[in-house]
Amino acid sequence: MSHEESLILAETDGHVGIIRLNRPKVLNALNPELMAALAAQMETYDKDPGIYVIVLSGSEKAWAAGADIGDMAEQSVVSMYERDQFATWERIKRVKKPIVAAVSGWCLGGGCELMMHCDVVIASETAQFGQPEINIGVMPGAGGTQRLPRALGKALAMDVILSGRFLSAQEALDHGLVSRVVPKEHFFAEAVKVAHAIASKGPIALRFAKEGVLKAFETPLSEGLEFERKLFYMLFATEDQKEGMRAFVEKRKPTFKGK
Ligand code: DAK
């Protein structure tokens, strides 16, 4: 397969694994083949002991304009059920390492839902966010009705999902849907920089911290706190905890080994 035909492009930069969605002609519309390639690459990086953080990006024009409408248009309930595409999304949800999203341009429908599977979101000032499935006779199906209100609150999430209107990067930042907004020239470099900064921390603590934050969306507070406490105790069994705290006491930079 030539470079242009690859559905995703993958490369590594030190401890950072980078993946770019690559269907430029259809604004990175997410078809099942692309999602399968993405899940497989994510799993490869997740298993690779040399990779601590993953960056996921699209192009400057489009992160992803949604699931591939052409691919879905003639599907039936049975064919959708049998294809079970949710299994692919579940594989991405299970990635343990932090994922930094570098988002520019269109971030719509399944694209917005994919962005919400990521952990830190660096958005270009040009990014536009939305769940416009309502315009084509359906509704969000990969978590939009659940994750969007958790970020935006009920009233704004309802507005976005029911009217199909888009949010600007600034609105997304103001309402907690993204982490940072940067000039469009820098969105990718900034995301890689953030990924490297995160990758300089202890890899086990990073994975546990991600797990802890995600638990906040799944459990009552008391259960989440109990879960956090157990993860926190477990970190005292790692060499990285000793290294991190000793380095502080000895006034030097820590060298974490993920052990
Ligand atoms: N699917 C397929 N092709 C798309 C596409 C999409 N979502 N979005 C854009 N394209 C294609 C266009 O058809 C066009 O192709 P050509 O005509 O050049 O062949 C090309 O990309 C450029 O698009 P435009 O000419 O439309 O570009 P504009 O700048 O004028 O407009 C736009 C950009 C993003 C506003 C517009 O393209 C647009 O409205 N796109 C559709 C956005 C949308 O409705 N997104 C939601 C799709 S539904 C599931 C998981 C998730 C989902 C479903 C199931 N399972 C796990 C089962 C999610 C569903 C969705 O996301």
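Here the structure is a predicted model, which is why all the values come from computation and not from measurement. (Residues numbered from 1 in each chain as written. Predicted model: local features only at pLDDT ≥ 70, side-chain atom pairs only at ≥ 80, totals over all residues. Heavy atoms only, no water.)

A. Representation of a nonpolar patch on the surface in the model. A cluster of nonpolar residues, Phe232, Tyr233, Phe236 and Met245, forms a patch on the protein surface that exposes about 460 Å² of accessible area. Within the fold, Tyr233 resides in helix α11 (residues 221-235). When its relative accessible area of 58% is taken as the criterion, Tyr233 is described as exposed. (Patch = residues over 30% accessible without salt bridge, like charges linked within 9 Å, V, L, I, M, F, W, Y side chains within 5 Å. Areas by Shrake-Rupley, 256 points an atom, 1.4 Å probe, with all protein chains shown as cover. Salt bridge = Lys/Arg side-chain N within 4 Å of Asp/Glu carboxyl O. Helix = DSSP H or I, 4+ residues; strand = E, 2+ residues; numbered from the N terminus. Buried < 20%, exposed > 50% of the residue type's maximum accessible area, 1.4 Å probe, protein only.)

B. The arrangement of the sheet that holds strand β5 (residues 99-103) in detail. Here six strands make up an open sheet; going across it, the order is β1-β2-β3-β5-β7-β10 and the pairing mixed. The two strands at the open ends of the sheet, each matched to only one other strand, are β1 (8-13) and β10 (180-182). This sheet shows a mean twist of 20° between the axes of neighbouring strands, independent of strand direction. Pairing geometry for strand β3 (residues 53-57) and β5, over four bridges, is parallel. Pairing of Leu56 across the sheet is with Ala101, part of β5. (Pairing = 2+ DSSP bridges. Axes fitted to C-alpha atoms, helices over the stretch in contact; angles between N-to-C directions.)

C. Region of interest: unusual backbone geometry. With phi around 60°, Asn28 is a residue other than glycine that occupies positive phi space. Of note, Asn28 is situated in the loop between β2 (16-21) and α1 (32-47). Under the relative-accessibility criterion, Asn28 is labelled buried at 2%. Here the phi dihedral of Lys251 falls at roughly 55°; this positive angle occurs in a residue that is not glycine. Along the chain, the position of Lys251 falls in the segment after α12 (239-249).

D. Region of interest: the site of the ligand. Within the structure, the ligand sits among 23 residues, and Val26, Ala65, Ala67, Ile69 and Gly110 are positioned closest to it. Between the ligand and the protein, one listed contact pairs an oxygen atom with a backbone N or O atom of Ala67 at 2.8 Å. Between the ligand and the protein, one listed contact pairs an oxygen atom with a backbone N or O atom of Gly110 at 2.8 Å. Calculation on the ligand without its partners gives an accessible area of 1100 Å², and the protein chains cover 64% of this total. Listed by contribution, the elements that provide at least two residues to the shell around the ligand are α2 (69-72), α4 (86-93), β6 (106-108) and α5 (110-115). Residues that form the shell around the ligand fall into these classes: 15 nonpolar, four polar and four charged. (Near = heavy atom within 4 Å. Polar contact = N/O pair within 3.5 Å; in protein donor to acceptor, adjacent residues only side chain to side chain. Nonpolar A, V, L, I, M, F, W, Y, C, P; charged D, E, K, R; others polar.)

These figures come from the coordinates and say nothing about function on their own.
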